[in-house]
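Structural overview for review
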Amino acid sequence: MNIGEAIRIALQSLWANKLRSVLTLLGVVIGVSAVIAVVTFVNGINGYVAEKIFNLGADVFIISKMGNVITDPDQFIEGNKRKEITMEQYEAVAEGCTACKLVGAAAFNDKGKVVYGTQSSTDTRVRGWTPAMTRIYDLDLDAGRAVNEADVENTAQVVVIGADIRENLLAGTDPIGKEIRVDGHVYRIIGVGSKRGKTLGQSLDNWVMLPITTWFKVYGSHNTINIWAKAQDVGMPMEQAIDQTRVIMRARRHDPIGGKDSFTIETNDSFMSLWANLSGTFFIVMIVIASISLIVGGIVIMNIMLVSVTERTREIGIRKALGARQRDVLRQFLIESSTMALIGGLIGVLGGVGIAKLVTLAIGMPSAIKIWAILAGLAVSAGVGIFFGVYPARKAAKLDPIVALRFEL
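Let me sum up the structure you'll find in this document. This is a predicted model, so every value here is computed, not measured.

Rules behind the numbers
Residues numbered from 1 in each chain as written. Predicted model: local features only at pLDDT ≥ 70, side-chain atom pairs only at ≥ 80, totals over all residues. Heavy atoms only, no water. Helix = DSSP H or I, 4+ residues; strand = E, 2+ residues; numbered from the N terminus. Rg over C-alpha atoms; globule rule 2.2 N^0.38 Å. Buried < 20%, exposed > 50% of the residue type's maximum accessible area, 1.4 Å probe, protein only. Contact = heavy atoms within 4.5 Å. Areas by Shrake-Rupley, 256 points an atom, 1.4 Å probe, with all protein chains shown as cover. Lys, Arg positive; Asp, Glu negative; His and termini not counted. Charge placed at Lys NZ, Arg CZ, Asp CG, Glu CD. Phe/Tyr/Trp six-rings, centres within 6.5 Å; stacked < 30°, edge-to-face > 60°. Lys NZ or Arg CZ within 6 Å of the ring centre and 35° of its normal. Axes fitted to C-alpha atoms, helices over the stretch in contact; angles between N-to-C directions. Parallel < 35°, antiparallel > 145°, perpendicular 65-115°, else oblique. Left-handed = near helix turned anticlockwise from the far one by under 90°. Nonpolar A, V, L, I, M, F, W, Y, C, P; charged D, E, K, R; others polar.

Next up on the list: the overall build of the protein chain. Along the protein chain, the regular secondary structure elements total 14 helices and twelve strands. For a compact globule of 409 residues, the expected C-alpha radius of gyration is about 22 Å, and the protein chain comes in at 32 Å, more than 25% above that figure. The C-alpha extent of the protein chain, read off along each of the three principal axes, is 100 × 60 × 35 Å. For the protein chain, the proportion of its 409 residues judged to be buried stands at 44%. When contacts within the protein chain are restricted to residue pairs at least 6 apart in sequence, those whose partners lie at least 24 apart make up 78%. Carbon and sulfur atoms form 60% of the exposed surface of the protein chain, whose accessible area is close to 20800 Å². Positive and negative side-chain charges in the protein chain, numbering 42 and 37 respectively, have mean positions lying 11 Å apart.

Quick look at the structure:
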């Protein structure tokens, strides 16, 4: 029997026993689907995180009271005990960091309410920025202008709005020059930010931006700020800028010699490293869970192949009587078991990709299909079929032809 004939018999067996085939392949389908879906999500989110969430630029770093991403409760408690970062400290960094190309300050409130006429939006991020932040953050505008030095010096009642505010509150009108209320205060619109879309189901365009002095006037000067800095270049200039900033901040905040910093400095690399660790842990956990499904699926395939050997004992005896060797029978049953598993793997790949794309359409979670993941899924499923098909295949190959010919169910 050639390989094609063995594959044909395996497919006929699957088709003839549809319910048994579904139950046989279920474990492999679930396992491969889980692996493909997780790999698709992890790859998609990794690319999205690098491009849109932590895309600070390789020459940008942030100084904050405590890290933007905290995974340790003790770290959170310690960070809350630290002194606030003040505008005086920002000004010291802006004046003293000669390796910095730009230095900006930012403050924010995540629970703002914006009202225009009868329309309103809630949970709007209200930003307070210095003018340099527009260039550091690479903020693009569709209309108008950004906050300038005069706005900051005069504590101007002006605002730049995000694309969501324009679309939901001022649709069909020219927003420049219009007045809106932000947390009960009236501001004149001077600019409109370009649309950035969503990340992980959350809009990146539901924001308004005030001059930082105006923001402090409304929300209080006791609030902490984040200092954003852009180095002259990557590599050594970036390290020099961070070192200068650290010295200035430690001196201004009176950190003891030899003691820890009372602030956090984060770069794009530190964000991405943290995310890689989190996504890697998630990936390993899901692979372990999927492996259990594959093992269960393999055991089921082995049991079904043992049943198949019993059902086809006389057939095996006839083949051996006509000259089939042990390795011919062994190969036949291994091909059948691997074919069954491979079909389950193919269904699992289609299912995993389908699930990932449906979730992407439903909530916007990014996904990216990788050819290597599909090939790996098929290879793993075929490997499961071969591994768990060895015992039934060897049992069939070692049958005595005379005993097999006399066998009756």
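A few words on the packing of aromatic side chains. For the coordinates displayed, the defined rule picks out five aromatic pairs. Between Phe387 and Phe388, the ring centres sit 5.0 Å apart and the planes meet at 80°, which makes this aromatic pair edge-to-face. Taking the relative accessible area as the measure of exposure, Phe388 reaches 14% and is therefore buried. If you follow Arg125 out to its NZ or CZ, it ends over the ring of Phe108, 4.0 Å from the centre. The residue whose ring lies beneath Arg127 is Trp207, and the NZ or CZ to ring-centre distance is 4.7 Å.

A pair of packed helices is captured by two measures, namely the crossing angle of their axes and the spacing between those axes. Where helix α1 (residues 3-16) contacts helix α12 (residues 326-363), the two axes come as close as 9 Å, and the packing angle between them is 55°. Relative to α12, the element α1 lies oblique. Both α1 and α12 take part in a crossing whose hand is right-handed. For the pair formed by α1 and α12, the contact residues are Ile3, Ala6, Ile7, Ile9, Ala10, Leu11 and Leu14 on the first element and Gln332, Ile335, Glu336, Thr339, Met340 and Ile343 on the second. Here the residues of the contact of α1 with α12 sort into ten nonpolar, two polar and one charged.

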